[in-house]
Amino acid sequence: MGASATPRSVIQVSRIRKTYGATVAVSEVSFDVSEGEVFGLIGPNGAGKTTTMECVEGVRRPDGGEISILGLDPFRDVYQVQNRIGVQLQQAQLQKRIKVWEAVDLWASLYPKPMDGNRLLEQLGLADKRNALFMTLSGGQKQRLFIALALINDPEVVFLDELTTGLDPQSRRAIWDLVRGIRDRGKTVVLTTHLMEEAERLCDRVAIIERGKIIDIGGPEELVSRHCPTRAVVLATEDALAEERLRAIPRVETVMRRGSEFTIQGQGDDFVTEVIQCLSENRIRITYFRTVLPNLEDVFLKLTGHSIRD
Ligand SMILES: Nc1ncnc2c1ncn2[C@@H]1O[C@H](COP(=O)(O)OP(=O)(O)O)[C@@H](O)[C@H]1O
Ligand SMILES: [Mg+2]
């Protein structure tokens, strides 16, 4: 028979629910995470991402529902689970005056078989900050330290909550590379983000959460083609016959014209190619060309009726 091609499921969440007083933070949330994937919980602030993640980590107890992680119960088997997962700290959880190496040593002392802290610091580009006080680190350096601490026990599953919030674009990219590196070493990553670009670039699959509920789950591209299949080409041409020719493309839905600029909308993976073929076959000379492809932001808008930034 050989090895199965189906990846092992490492997290199963079934209909969990968590309320704080009158606030329903998480309601009937279910999802599975496979070994080796980067799974994202995405949605606006207050959607219930952190609560969901903390329930899976065993930090919060849901009011109802079932959670299994690495075949274990995050509450009943808390000790085993904690040894096999890595959780990113929040800012306030480290003392301002702790030195980088002290934090790493302290975290290493919590686990039976920790990784080499110096090597981890090197891998995360923090070797020259070993003696720096935590409070003197930049935002990106702090986040890299949190990743180092989350990896100190060589965990099988790593949880990262809003990892790049507040970082500049360059630090954000550096952190994305680190997360891909973690995945490439065979670990499973569960992350939360309200940044759709981050989700698109990092996640193999995402669950879109709003008001404590999952609205849909899938790969970023899968969700885009499911909910926002229309794409557009914007081009400029002085060709008098262009409009007629463009309208004749089989999968075109609309052609809008403003002076010499055309916006052509249609569906399907081959739509852009068909526009290019039409231009080429009819020798239409263009002075400008760009595609407008829908993304997860558009999916969110479509599914919820409002922008994730509202
Ligand atoms: N400890 C808490 N006590 C009371 N309400 C909370 C607590 N933690 C979160 N909430 C509320 O639960 C909802 C979901 O919060 P959270 O899980 O932090 O969302 P997200 O991480 O998506 O921003 C919000 O309405 C939030 O105000
Ligand atoms: Mg949160």
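Report follows, based on the coordinates. (Residues numbered from 1 in each chain as written. Chains lettered and ligands numbered in written order. Predicted model: local features only at pLDDT ≥ 70, side-chain atom pairs only at ≥ 80, totals over all residues. Heavy atoms only, no water.)

**Here's the deal with the overall build of the protein chain**
Stage number 1. Scanning the protein chain from N- to C-terminus turns up 11 helices and 13 strands.
Stage number 2. With respect to the three principal axes, the spread of C-alpha positions in the protein chain is 75 × 50 × 45 Å.
Stage number 3. Looking at the protein chain as a whole, 47% of its 310 residues are labelled buried.
Stage number 4. If you take every contact in the protein chain between residues at least 6 apart in sequence, the share linking residues at least 24 apart comes to 66%.
Stage number 5. Carbon and sulfur atoms make up 47% of the accessible area of the protein chain, which amounts to about 15900 Å² in all.
Stage number 6. Measuring between centres, the 40 positive side-chain charges of the protein chain sit 4 Å from its 43 negative side-chain charges. (Helix = DSSP H or I, 4+ residues; strand = E, 2+ residues; numbered from the N terminus. Buried < 20%, exposed > 50% of the residue type's maximum accessible area, 1.4 Å probe, protein only. Contact = heavy atoms within 4.5 Å. Areas by Shrake-Rupley, 256 points an atom, 1.4 Å probe, with all protein chains shown as cover. Lys, Arg positive; Asp, Glu negative; His and termini not counted. Charge placed at Lys NZ, Arg CZ, Asp CG, Glu CD.)

**Quick notes on the site of ligand 1**
Stage number 1. For ligand 1, the full set of nearby residues is Tyr 20, Thr 23, Ala 25, Pro 44, Asn 45, Gly 46, Ala 47, Gly 48, Lys 49, Thr 50 and Thr 51.
Stage number 2. The contact in question runs from an oxygen atom of ligand 1 to an N or O atom on the side chain of Lys 49, over 2.8 Å.
Stage number 3. Across the complex, the protein chains shield 60% of the 560 Å² of accessible surface that ligand 1 would expose by itself.
Stage number 4. Secondary-structure elements contributing two or more residues to the shell around ligand 1 are strand E2 (23–34) and helix H1 (49–57).
Stage number 5. In the shell around ligand 1, the residues fall into 4 nonpolar, 6 polar and 1 charged. (Near = heavy atom within 4 Å. Polar contact = N/O pair within 3.5 Å; in protein donor to acceptor, adjacent residues only side chain to side chain. Nonpolar A, V, L, I, M, F, W, Y, C, P; charged D, E, K, R; others polar.)

**Some details on helix H5 (residues 139–151)**
Stage number 1. Here H5 is 13 residues long and its end C-alpha atoms lie 19 Å apart, about the 18 Å a rise of 1.5 Å per residue gives.
Stage number 2. The buried fraction of H5 amounts to 11 of the 13 residues, a majority that puts the element mostly inside the structure.
Stage number 3. Taken together, the buried positions of H5 are occupied by Gly 140, Gln 141, Lys 142, Gln 143, Leu 145, Phe 146, Ile 147, Ala 148, Leu 149, Ala 150 and Leu 151.
Stage number 4. Tucked into the core, H5 has its buried residues touching strand E5 (85–87), helix H3 (100–108), helix H4 (117–123), strand E6 (157–161) and helix H6 (169–184). (Expected span 1.5 Å × (residues − 1).)

**Notes on the sheet that holds E2**
Stage number 1. One open sheet accounts for 3 strands, arranged E2-E1-E4; its pairing is antiparallel. Of all strands in the sheet, those bounded by a partner on one side alone are E2 and strand E4 (64–69). Neighbour to neighbour, the strand axes of the sheet diverge by 15 degrees on average, direction disregarded.
Stage number 2. The pairing of strand E1 (residues 9–20) with E2 spans 8 bridges and is antiparallel. Residue pairing in the sheet places Val 13 in a bridge with Phe 31 of E2. (Pairing = 2+ DSSP bridges. Axes fitted to C-alpha atoms, helices over the stretch in contact; angles between N-to-C directions.)

**Description of the nonpolar core**
Stage number 1. Core analysis: the largest hydrophobic core is formed by 50 residues, its most contacted members being Leu 94, Leu 145, Ile 147, Leu 149, Val 179, Leu 191 and Leu 296.
Stage number 2. Here this core gets 7 residues from one element, more than from any other, and that element is H5.
Stage number 3. Core analysis: the next-biggest nonpolar cluster, separate from the first, contains 26 residues, Val 26, Val 29, Val 56 and Ile 209 among them. (Core = buried A, V, L, I, M, F, W, Y, C linked by side-chain atoms within 4.5 Å.)

**Description of the side chain of Lys 18**
Stage number 1. Of note, Lys 18 is situated in strand E1.
Stage number 2. Although Lys 18 lies buried, it forms no salt bridge, and the closest oppositely charged side chain, Asp 63, sits 4.0 Å away as judged by the N-O distance. (Salt bridge = Lys/Arg side-chain N within 4 Å of Asp/Glu carboxyl O.)

**With respect to the packing of H5 against H6**
Stage number 1. Relative orientation of the contacting elements H5 and H6 amounts to 15 degrees, with a least axis distance of 10 Å. The angle between H5 and H6 falls in the class roughly parallel. Crossing hand, H5 versus H6: right-handed. Where H5 approaches H6, its residues Gly 140, Gln 143, Arg 144, Ile 147 and Leu 151 are matched on the opposing element by Ser 171, Ile 175, Leu 178 and Ile 182.
Stage number 2. Broken down by class, the residue content of the contact of H5 with H6 amounts to 5 nonpolar, 3 polar and 1 charged. (Parallel < 35°, antiparallel > 145°, perpendicular 65-115°, else oblique. Left-handed = near helix turned anticlockwise from the far one by under 90°.)

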